[in-house]
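Each chain, written out:
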Amino acid sequence: MGLTPNFISWILLLSIFTAIQLTSCQPNAPPPRSPDSDLCNGVFVSYTYSTGTKIKPNDTKNQPYRFESEITVLNNGRDELKSWRVFVGFAHREILVSATNAVLSDGSSLPVSVENGTTFAGFPSADLKSAIMTAGDVTQMQARVKLVGTQFGVAPPNVPLPKNITLVNDGWSCPKPTQQGRNVLQVCCTPNPNITTGKIGEMFLPRQEGDLTIMYDVTKAYQSNYLAQVTIENHNLLGRLDNWNLSFLWMKDEFIFTTKGAYPSVVDSSDCINGPQAKYYKDLDFSHVLSCARRPHIIDLPLTKYNDTDFGRIPYCCRNGTILPRSMDPEKSKSVFQIQVYKMPPDLNMSAITPPQSWQIKGNLNPDYKCGPPVRVSSSQFPDPSGLPSNRSAFASWQVVCNITQPVTPKCCVSFSSYFNDSIIPCKTCACGGCTSDRVARTCSTTSPALLLPSQALLIPFENRTKLTTAWAELKHRKVPDPLPCGDNCGVSINWHLATDYRGGWTARVTLFNWGETDFVDWFTAVELRNAAPGFEKAYSFNGTTIAINGKNTTVLMEGLPGLNYLLAERDGKNPSKDFRLPGKQQSVISFTKKLTPGLKVGSRDGFPTKVLFNGQECSLPSVLPTNNGHKKHVSTFLLMATPFLALLFLRI
């Protein structure tokens, strides 16, 4: 029996429809492979924009759009690419919502704004093998990262491509990326012959340098759990941490059973009880589990726990979270603790260990640190606990490198004064932020320069200075703005006073004020004097020395003397109902010689610091210096006339 023409047409139509359906349902279908990738004999990196749609809310000026893109990293080189990292220079105020097969190298958790660009690191597979090692198996040579996020202002069919994409691994050079068609940005990176990154064929990458390093060493491994030692070590001459708080992200439902040398800031096992952990570990007493949080926060223990048999007895632990720079005390430049980690199926064998990702570490009034992803390195070695003259290797080791990034808003500020001018140049208005709310904007000016101060005002809280500073401005015939400038809002302020300038040398007086509620133990301040530092002689009430930063001897480091290393918090006056609150204060005169610095212009420029740091964080500096505008000859006479008036005013405030 023959088939009719209509029946044949129906079958053809049905087969075409079925084929279209099957093709459109393939979720992992890769974008078309660029022919340029075959011409690249290095690492080929591409960014392909897939699709975009308008999302709510409707906004004519700031419309959001969903975007879907894919990053492809293909290793066409001769050798394995270890721990690949790719920077994408997003340019449309993107918010990244999800990313497959990668994490953000700075430790950020999704969703996160990436409008200034971000670096992706491979996870869980961080290494890309070569065609030579795999007989051309692209699945082992290539990483594909699917991105979903929100961008603003670029409506389809326009394409929101990034402005840059590049491989950031050491030892590689990438030219400017090129655009292919409307939706692809690509680049071919090649090895840089001038940079040595380690011997070819080594199992692990060499250890890297950074301001702060964190080692994650697995010292004991079992089928269902392992013991890890975490070592935080400070390598920056001026970096430090106070009350450090370390966090990371578990990727496979791990949880912390016990710790020694540190402790979770929140002890809570509820996430395990309500999650898959309790279903698998049915006989485990979860009341003894310390943390089931996906991002646990670990804090240091107090000194009193150092010899505790349950929580302490770990070298370099239990210091209240203080990690000092090596320039102050090498023995206190690191912290160590141990954690016992339980794993979940299918990783129930000794070798299946996935280190936590997205490491973050913070301190109290300290620099900001940005941490990279954990990178597998050669196993650390530790002294044999038996006392034998041998070392034991860790089961596996990962290194996390963190570097200081100064925050946009400082937390400390500096004022300038001098012997030749009776006014103090105060900290800048809103130097430490806190001026963005509408309420603040209605009560004070966030843009007017701070009013010059008489010396008496340095010890008075900002909110109690108003009458004194306005009276001083009137005496100096200076305009008083309306509304008055806002305060600096800084927890710590430092006054640099140029005290003397004579033929053979000069002196300055440094005063530190703590306006906050926290005492600072083992505080330090570092002052950069670009031309004058080589002439440093002595700090009379501090320990002072010059240190070389980046090979330049331009910095004076000062810290408290033994027994005087506390910068106390602000406290009540003798009579709280009448007296102002008083800041914690430390002060010293420091002297310099001019023998090593001929031609020094102390009064006009060289006698004032170009950078000041407190406990590792850079402080806000005034934008102007004190001027010698005739006050020097008349200061004594002026003060004799003005002091009675100011004293009377001071009593009436």
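Criteria and thresholds
- Residues numbered from 1 in each chain as written.
- Predicted model: local features only at pLDDT ≥ 70, side-chain atom pairs only at ≥ 80, totals over all residues.
- Heavy atoms only, no water.
- UniProt positions renumbered as here; feature names shortened; annotations may be inferred.
- Pairing = 2+ DSSP bridges.
- Helix = DSSP H or I, 4+ residues; strand = E, 2+ residues; numbered from the N terminus.
- Phe/Tyr/Trp six-rings, centres within 6.5 Å; stacked < 30°, edge-to-face > 60°.
- Buried < 20%, exposed > 50% of the residue type's maximum accessible area, 1.4 Å probe, protein only.
- Lys NZ or Arg CZ within 6 Å of the ring centre and 35° of its normal.
- Disulfide = S-S within 2.5 Å.
- Core = buried A, V, L, I, M, F, W, Y, C linked by side-chain atoms within 4.5 Å.
- Salt bridge = Lys/Arg side-chain N within 4 Å of Asp/Glu carboxyl O.
- Axes fitted to C-alpha atoms, helices over the stretch in contact; angles between N-to-C directions.

By the naming in an unreviewed UniProt entry, the chain is COBRA C-terminal domain-containing protein, taken from Arabidopsis lyrata subsp. lyrata. Taken directly from UniProt, the Subcellular location (unreviewed entry) text for the chain runs: "Cell membrane".

Participant: Help me understand the pairing of strand 1 (residues 43–54) in this model?
Facilitator: Strand residues, when the strand is regular, have side chains that alternate between the two faces of the sheet. Where strand 1 meets strand 12 (residues 184–191), six bridges bridge the pair, whose relative direction is antiparallel. Bridge pairing in strand 12 links Val-45 to Val-187.

Participant: How do you make sense of the packing of aromatic side chains when you look at a structure like this?
Facilitator: Two aromatic rings are characterised by how far apart their centres lie and by the angle between their planes. A complete count under the given rule lists 22 aromatic pairs for this structure. Plain terms: the ring middles of Phe-520 and Phe-614 are 5.2 Å apart, the flat faces sit at 85 degrees to each other, and that makes the pair edge-to-face. You can see Phe-520 sitting in strand 30 (residues 520–521) and its partner Phe-614 sitting in strand 37 (residues 611–614), a full 94 residues away along the chain. Given a relative accessible area of 0%, Phe-614 falls into the buried group. The structure contains a cluster of three or more aromatic residues connected by ring pairs, namely Tyr-216, Tyr-226, Phe-248, Trp-250, Trp-359 and Trp-398. Here the basic side chain of Lys-334 rests over the ring of Tyr-316, its NZ or CZ set 4.3 Å away from the ring centre.

Participant: Would you explain the state of the cysteines in this entry?
Facilitator: A covalent bond between the sulfur atoms of two cysteines is what we call a disulfide. Inspection of every chain in the model, using the stated rule, returns ten disulfides. Covalent S-S linkage joins Cys-40 and Cys-188, the inter-sulfur distance amounting to 2.0 Å. Since a negative S-S torsion denotes a left-handed disulfide, the Cys-40-Cys-188 link at about 85 degrees is right-handed. Of this pair, Cys-40 sits in the loop between helix 1 (5–24) and strand 1 while Cys-188 sits in strand 12; the two residues are 148 residues apart in sequence, bridging distant segments of the chain. Between Cys-272 and Cys-292 runs a disulfide, and the two sulfur atoms are separated by 1.9 Å. Its S-S torsion of approximately -105 degrees makes the covalent link between Cys-272 and Cys-292 left-handed.

Participant: Help me out: how do you make sense of the nonpolar core in this one?
Facilitator: Ile-494, Trp-496, Trp-506, Leu-512, Leu-529, Ile-590 and Phe-614 are the most contacted members of the largest nonpolar core, which has 35 residues in total. Among the secondary structure elements, those contributing two or more residues to this core are strand 26 (412–418), strand 28 (492–501), strand 29 (505–514), strand 32 (536–539), strand 34 (552–560), strand 36 (584–593) and strand 37. Within the second largest apolar cluster, 30 residues are counted, among which are Leu-212, Tyr-216, Ile-323 and Cys-402.

Participant: Before we go on, may I ask you to explain the pattern of salt bridges in this structure?
Facilitator: Opposite charge on two side chains lets them pair, provided their charged atoms get close. Following the criterion strictly, the structure yields 15 salt bridges and no others. With a shortest N-O distance of 2.9 Å, Arg-144 and Glu-70 are connected by a salt bridge. Highlighted residues: Arg-144 in strand 8 (residues 142–152) and Glu-70 in strand 2 (residues 64–75), separated in sequence by 74 residues. Note on Glu-70: relative accessible area 4%, which makes it buried.

Participant: Sorry if this is basic, but what is going on with the sheet that holds strand 20 (residues 357–362) here?
Facilitator: The strands making up a sheet associate through backbone hydrogen bonding, with each pair oriented either parallel or antiparallel. Read across the open sheet, the four strands follow the order 17-18-15-20; overall the sheet is antiparallel. A strand with exactly one partner marks an edge of an open sheet, and here the two such strands are strand 17 (262–264) and strand 20. Between one strand axis and the next, the sheet turns through 25 degrees on average, direction left out of account. Relative to strand 20, strand 15 (residues 245–249) runs antiparallel, the two sharing four bridges. Counted as the bridge partner of Leu-249 is Gln-357 from strand 20.

Participant: How do you make sense of the sheet that holds strand 36 when you look at a structure like this?
Facilitator: Within the open sheet, the six strands sit side by side as 27-26-28-29-36-32. Their pairing is mixed. Two strands bound the open sheet, and with one partner strand each, they are strand 27 (421–425) and strand 32. Going across the sheet, the axis of each strand differs from the next one's by a mean of 20 degrees, ignoring polarity. As judged from the seven bridges shared by strand 26 and strand 28, these two strands associate in the parallel manner. The residue bridging Ser-415 from the neighbouring strand is Asn-495, located in strand 28.

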